[in-house]
Amino acid sequence: MKMNRHYTEMAQSYLFSTVNKKVSEFSAAHPEREIIRLGIGDVTLPLAKPVIQALHQAVDEMGTAEGFHGYGPEQGYPFLKDAIRDYYAERGVQVASDEIFISDGAKSDLANILGLFGEDNTVLVPDPVYPTYVDDNISDGRRVIYAQAGEENGFLPMPDESKKADIIYICSPSNPTGAVYTPAQLKEWVDFANANGSVILFDAAYECFVTEPGKARSIFEVEGARTCAIEICSFSKIAGFTGTRCGYTLVPMELEREGMNLNKTWLRRQTTKFNGVPYIVQRAAAAVFTKEGMAEIQHNLDYYRQNARVIAQALEECGVWYCGGKNSPYIWMKCPGGMDSWTFFDWLLENAGVVGTPGAGFGACGEGFFRLTAFGNAEKTKEAAQRMKQAIASL
Ligand code: MLT
């Protein structure tokens, strides 16, 4: 019997599990304290009414002989794939329905897609970034190198000839910093990947938050991306599906490496290892793209944007440096008083009863920073902002 020893090379627990454990311990020790959680990027608004109606209708269908659905197509039902195709087309991005694969969420596909690539590939990961990219590759035994991000490059690392890799991760808008690439910047990455035979895994989970003109929402806005990129997206952030689970992955037909077509290989993988997302969930996801669905969802996104403004204003008032929060639900702040990320986590919990995510959990370059999410309840976010202001002012 041989275990996958690579698991021993990873941090003992996943970032958000560590945060949860620390908060539970704090709450157990201080049951009287009301804690406000602005840590994990989990949504708080209920699902939109058109989504709930679609769920109800699909459940009813499943109880009839005519409407019952057993195993579905592993890559997703055409009604949902076509709706996603049209969502992209509205922004001038052409993807075909058979380039779209429905999944149970971006996190799963970000890990599963690695099954297409050998273990002796080198992987380039931005630092700081969503921690699963590193964990997914370390647990497979791949070599990970880092593209450093900081204030000096606006948290948007650019290609560097001294850092070539087979697999390149890009997360834009970035989790955790909220930085967003322009199409011109992404073109540099696309040209770099095409020149080196790399594949870009583009995490677009937060694309719905982009409002600033001139910022990219999809890598497929960029010429040349179809021969080097895979895009992974989610219904979690756009439509509150964190507990409902649905996402999608776009694998262009033109993408080939070592004589293998990645779209065909991914289809082969999915048909073998995946039985698809439940019919009722796919009906709910399709309702997101209806006129009524989109209207309610935009309203919800505005609610979270307002939370971001509340947090940003509090930080401005106490003179704390931050970025993000404009095209992203995350505010990325510098820890006040020169504290390191985990010290500030403990300090903020103790002094304000507010939970955030330590920047160091997203990579070494995140040390000294801290992430706050705008996905909370509006009243609680206001209260958290007020408490943080008071606590920081006392420093
Ligand atoms: C986060 O807080 O970074 C995200 O919510 C985690 C996730 O989407 O899995």
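Relevant structure appears above.
Student: Teacher, can you tell me more about the site of the ligand here?
Tutor: Every residue close to the ligand is listed here: F16, I40, G41, Y130, N175, Y206, K237, Y330 and R371. In the model, an oxygen atom of the ligand is placed 2.6 Å from a nitrogen or oxygen of the Y130 side chain. Side-chain polar atom of K237 to an oxygen atom of the ligand: 2.8 Å apart, as the coordinates give it. If the ligand stood free it would expose 260 Å²; the protein chains cover 85% of that surface. Of the residues that constitute the shell around the ligand, the class distribution is 5 nonpolar, 2 polar and 2 charged. Two domains each donate at least three residues to the shell around the ligand, and these are domain 1 (5-47 + 293-393) and domain 2 (49-289).

Student: Explanation requested: helix α5 (residues 132-140) in the structure shown.
Tutor: Note that an α-helix has 3.6 residues per turn; residues three or four places apart therefore point the same way. For α5, the buried fraction is high: 7 of the 9 residues fall into the buried class. Among all positions of α5, only T132, Y133, V134, D136, N137, I138 and S139 are buried. Buried residues along α5 sit against α4 (106-112), β3 (122-127), β4 (143-148), β5 (167-171) and β6 (199-203). Once α5 finishes, G141 follows within two positions and takes phi at roughly 90°, a positive value.

Student: Looking at this model, I keep getting lost on the sheet that holds strand β14 (residues 357-358). Mind explaining?
Tutor: Sheets are built from strands paired through backbone hydrogen bonds, the pairs being either parallel or antiparallel. Here 4 strands make up an open sheet; going across it, the order is β11-β12-β15-β14 and the pairing antiparallel. In this open sheet, the two edge strands, each paired with only one partner strand, are β11 (322-324) and β14. As paired elements, strand β12 (residues 330-334) and strand β15 (residues 369-373) share 5 bridges and run antiparallel to each other. Bridge pairing in β15 links Y330 to T373. Against the sheet, helix α11 (residues 341-352) makes contact with β12, β14 and β15, and its axis sits at roughly 50° relative to β15, the strand it touches most.

Student: So what exactly am I meant to see when it comes to the pattern of salt bridges here?
Tutor: Think of it this way: side chains of opposite charge can pair up when their charged atoms draw near. One pass over the full model with this rule turns up 18 salt bridges. Residues E296 and K49 are paired through a salt bridge, measuring 3.5 Å at the closest nitrogen-oxygen approach. One end of the pair, E296, is in helix α10 (residues 291-317); the other, K49, is in helix α2 (residues 49-62), and 247 residues separate them in sequence. Overall, the relative accessible area of 54% leaves K49 in the exposed class. A salt bridge links K187 to D191; the shortest N-O distance between them is 2.8 Å. You can see K187 and its partner D191 sitting in helix α6 (residues 183-196), 4 residues apart, about one turn around the helix. By relative accessible area, which is 38% here, D191 ends up partly exposed. Via salt bridges that share partners, E34, E383 and R387 belong to a single interconnected network.

Conventions adopted
Residues numbered from 1 in each chain as written. Predicted model: local features only at pLDDT ≥ 70, side-chain atom pairs only at ≥ 80, totals over all residues. Heavy atoms only, no water. Near = heavy atom within 4 Å. Polar contact = N/O pair within 3.5 Å; in protein donor to acceptor, adjacent residues only side chain to side chain. Areas by Shrake-Rupley, 256 points an atom, 1.4 Å probe, with all protein chains shown as cover. Nonpolar A, V, L, I, M, F, W, Y, C, P; charged D, E, K, R; others polar. Domains from an automatic or database assignment. Buried < 20%, exposed > 50% of the residue type's maximum accessible area, 1.4 Å probe, protein only. Helix = DSSP H or I, 4+ residues; strand = E, 2+ residues; numbered from the N terminus. Contact = heavy atoms within 4.5 Å. Pairing = 2+ DSSP bridges. Axes fitted to C-alpha atoms, helices over the stretch in contact; angles between N-to-C directions. Salt bridge = Lys/Arg side-chain N within 4 Å of Asp/Glu carboxyl O.

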